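# Architecture at a glance
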Amino acid sequence: MDFGKPLLEATSDNGRVVIYRPANDVVVTVNEGFLTQPLWLEQLPVYDAIYASTPMVRTFLDSLAVRSFEPEYRDASQRYIKGKKSQIAEMVILQQSALIKLAVNAVSLFSGVPMEAETNRATFEARLGAALARKRAA
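Residues numbered from 1 in each chain as written. Predicted model: local features only at pLDDT ≥ 70, side-chain atom pairs only at ≥ 80, totals over all residues. Heavy atoms only, no water.

### Comments concerning the nonpolar core
One recurring pattern in soluble globular proteins: nonpolar side chains tend to sit buried together. Within the largest apolar cluster, 26 residues are counted, with the highest numbers of intra-cluster contacts made by Ile19, Tyr47 and Met91. Of all the elements, helix H1 (residues 37–53) adds the most residues to this core, at 6 residues. Sequence-distant contacts of Met91, defined by excluding residues within four places in its chain, comprise Thr59, Leu61, Ile81, Pro114, Met115 and Glu116. One finds Val26, Leu94, Phe124 and Leu128 within the second-largest nonpolar core, a separate group that totals 14 residues. (Core = buried A, V, L, I, M, F, W, Y, C linked by side-chain atoms within 4.5 Å. Buried < 20%, exposed > 50% of the residue type's maximum accessible area, 1.4 Å probe, protein only. Helix = DSSP H or I, 4+ residues; strand = E, 2+ residues; numbered from the N terminus. Contact = heavy atoms within 4.5 Å.)

Here it is, written out as structure tokens:
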């Protein structure tokens, strides 16, 4: 899918994050490699601007190519998500592990954040396509 020009392209020695905003209320983030705290800190101002300008956000995280992440990255991003839960319409995460999928879905249940993990790219892309179609139809 073509998401247009990236809002952010952040790279480190072993990781990369690209954030797109194909619609006002839809954000697509592509994560690759090893995610570190500095990569999170580069994303933070972009997410702050998105949440400041949009009452409800649909976020799609393509993390299929993530090999690993620092606990600091995970903890900071999870705290941020919990703090924005009233503005999250949905969060869908594409990743490899069925075990991580279960963990993400459990976090959603206990935190009240409407997020779900997918391990199938076709399902992820269908949900993303539906979110973009809703915006075009409105």
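### A few points about the pattern of salt bridges
Between side chains of opposite charge, a pair can form when the charged atoms approach closely. Counted under the stated rule, the structure contains 10 salt bridges. The residue Glu32 makes a salt bridge to Arg16 at a minimum N-O spacing of 3.7 Å. Here Glu32, found in strand E3 (residues 26–35), pairs with Arg16, found in strand E2 (residues 15–23); they are 16 residues apart in sequence, far enough to count as distant. Its relative accessible area of 30% is what places Arg16 among the partly exposed residues. Between Glu90 and Arg58 there is a salt bridge; the shortest N-O distance is 3.1 Å. Of this pair, Glu90 sits in strand E5 (residues 88–94) while Arg58 sits in strand E4 (residues 57–69); the two residues are 32 residues apart in sequence, bridging distant segments of the chain. Several salt bridges share partner residues, and in doing so they unite Asp25, Arg58, Glu90, Glu116, Glu118 and Arg127 into one network. (Salt bridge = Lys/Arg side-chain N within 4 Å of Asp/Glu carboxyl O.)

### Thoughts on the packing of aromatic side chains
Per the stated rule, a full pass over the model turns up 7 aromatic pairs. Centre to centre, the rings of Trp40 and Tyr80 are 5.6 Å apart; their planes meet at 70°, and the pair counts as edge-to-face. Taken together, the residues Trp40 in helix H1 and Tyr80 in helix H2 (residues 71–83) connect sequence positions 40 residues apart. Judged by centre distance (6.0 Å) and plane angle (70°), the rings of Tyr51 and Tyr80 are edge-to-face. (Phe/Tyr/Trp six-rings, centres within 6.5 Å; stacked < 30°, edge-to-face > 60°.)

### So, the sheet that holds E5
Strand order in the open sheet formed by 6 strands is E1-E2-E3-E4-E5-E6, with mixed pairing between adjacent strands. Only two strands of the sheet have a single neighbouring strand rather than two, namely strand E1 (8–11) and strand E6 (115–118). Going across the sheet, the axis of each strand differs from the next one's by a mean of 15°, ignoring polarity. As judged from the 4 bridges shared by E5 and E6, these two strands associate in the parallel manner. Looking at the pairing, Ile93 lines up with Ala117 of E6. Across the sheet, H2 lies against E3, E4 and E5, angled at about 170° from E4, the strand it touches most. Set on the sheet, helix H3 (residues 98–111) makes contact with E5 and E6; between it and E6 the angle comes to about 170°. (Pairing = 2+ DSSP bridges. Axes fitted to C-alpha atoms, helices over the stretch in contact; angles between N-to-C directions.)

Everything listed is a geometric property; what it means functionally is a separate question.
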